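Architecture and fold: a report
Letter by letter, the chains look like this.
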Amino acid sequence: MNLLAGNKYVVRAIRPDDWERVKELRLDALRDPVAHLAFLETYENAAAKPDSFWQDRAVTSGEGSTTARQFIAETSDGSWAGSVTVLVEEAGATDWAGYPVERRQGHVVGVFVRPEHRGNGLIEALFEAGLAWAWEQRAERVRLFVHEDNARAQTAYRKIGFAPSGLVVSFSKDEAETELEFVLERSV
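Note that the structure is a prediction, hence the values are computed from the model and not measured.

Digging into the pairing of strand β5 (residues 105–113)
The side chains of a regular strand alternate, first on one face of the sheet and then on the other. For β5, the buried fraction is high: 7 of the 9 residues fall into the buried class. With 7 bridges joining them, strand β4 (residues 80–89) and β5 adopt antiparallel strand pairing. Directly across from V88, in β5, lies its bridge partner G106. In this sheet, strand β6 (residues 141–147) lies alongside β5 in parallel orientation, the contact comprising 3 bridges. Pairing of Q105 across the sheet is with R141, part of β6. A crossover links β5 with its parallel partner β6, the connecting element being helix α5 (residues 122–136), and its sense is right-handed.

What follows is the structure, given as structure tokens:
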């Protein structure tokens, strides 16, 4: 658990009983004006998923999971201000884009901070928790993909320490658009 900005937020891993709030935050993220660039799924697809999907997600990416961990920032009134999820990718596997995974790494997905909580360091605190967990899982690096036109996200990721790796992949929602891989190597 991390505290940020004079105890304004508590950053923690989700718990299985948080599933309804996991669903609510994801649906809110998918309504964001840049959601079409930031997320691969649509609001309509996510909203149509049964409760069992969200319950499973809260278990498989919550406290105790060693393959994925979703971190949320909770305000003093109990509302959720943002979220970051880190997946573990194993060396020898094939990633979502069909590329081989060459070494054990973290893969950041589902980054979202509510607009009224942006610009105050919250995203850095969420990433700090996610990166610490990835390093505990023996990840050699952490990566993420960001749409070529999502300048706001690219700026935030660079500020945290991520840099483009040079890998460019087609955006799965539109093959004419691309996403850039950003990486952060584990410091020794």
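Alright, that's what it looks like, and here's the rest.
Some words on the environment of V169
The residue V169 is located in strand β7 (residues 163–171) in this model. Sequence separation between V169 and E90 is 79 residues; the distance between their C-alpha atoms is 20 Å. Setting aside anything within four residues of it in sequence, one finds V169 in contact with W96, A97, Y99, F145, E177, T178 and E179.

Points about the side chain of R104
Checked against the element boundaries, R104 lands in the loop between β4 and β5. Here the side chain of R104 touches E90 through a polar contact of 2.3 Å, side chain to side chain. Residue contacts for R104: discarding those within four places in its chain leaves V88, E89, E90, A91, Q137, R138, A139, E140 and R141.

Thoughts on the side chain of Q70
Tracing the chain through its elements places Q70 in strand β3 (residues 68–75). Judged by its relative accessible area of 7%, Q70 falls in the buried class. In this structure the side chain of Q70 is engaged in a polar contact, spanning 2.8 Å, whose partner is the side chain of S83.

Describing the packing of helix α1 (residues 19–29) against helix α4 (residues 51–60)
Here α1 crosses α4 at 105°, and the two axes come no closer than 8 Å. Here α4 runs roughly perpendicular to α1, going by the angle between their axes. Counted together, W19, V22, K23 and R26 of α1 and D51, W54, Q55, R57 and A58 of α4 form the full contact between these two elements. Split by residue class, the contact of α1 with α4 holds 4 nonpolar, 1 polar and 4 charged.

What counts and what doesn't
Residues numbered from 1 in each chain as written. Predicted model: local features only at pLDDT ≥ 70, side-chain atom pairs only at ≥ 80, totals over all residues. Heavy atoms only, no water. Buried < 20%, exposed > 50% of the residue type's maximum accessible area, 1.4 Å probe, protein only. Helix = DSSP H or I, 4+ residues; strand = E, 2+ residues; numbered from the N terminus. Pairing = 2+ DSSP bridges. Right-handed = clockwise from strand over helix to strand, strands pointing away. Contact = heavy atoms within 4.5 Å. Polar contact = N/O pair within 3.5 Å; in protein donor to acceptor, adjacent residues only side chain to side chain. Axes fitted to C-alpha atoms, helices over the stretch in contact; angles between N-to-C directions. Parallel < 35°, antiparallel > 145°, perpendicular 65-115°, else oblique. Nonpolar A, V, L, I, M, F, W, Y, C, P; charged D, E, K, R; others polar.

So, to be careful, I would describe these as geometric facts and stop short of saying anything about function.
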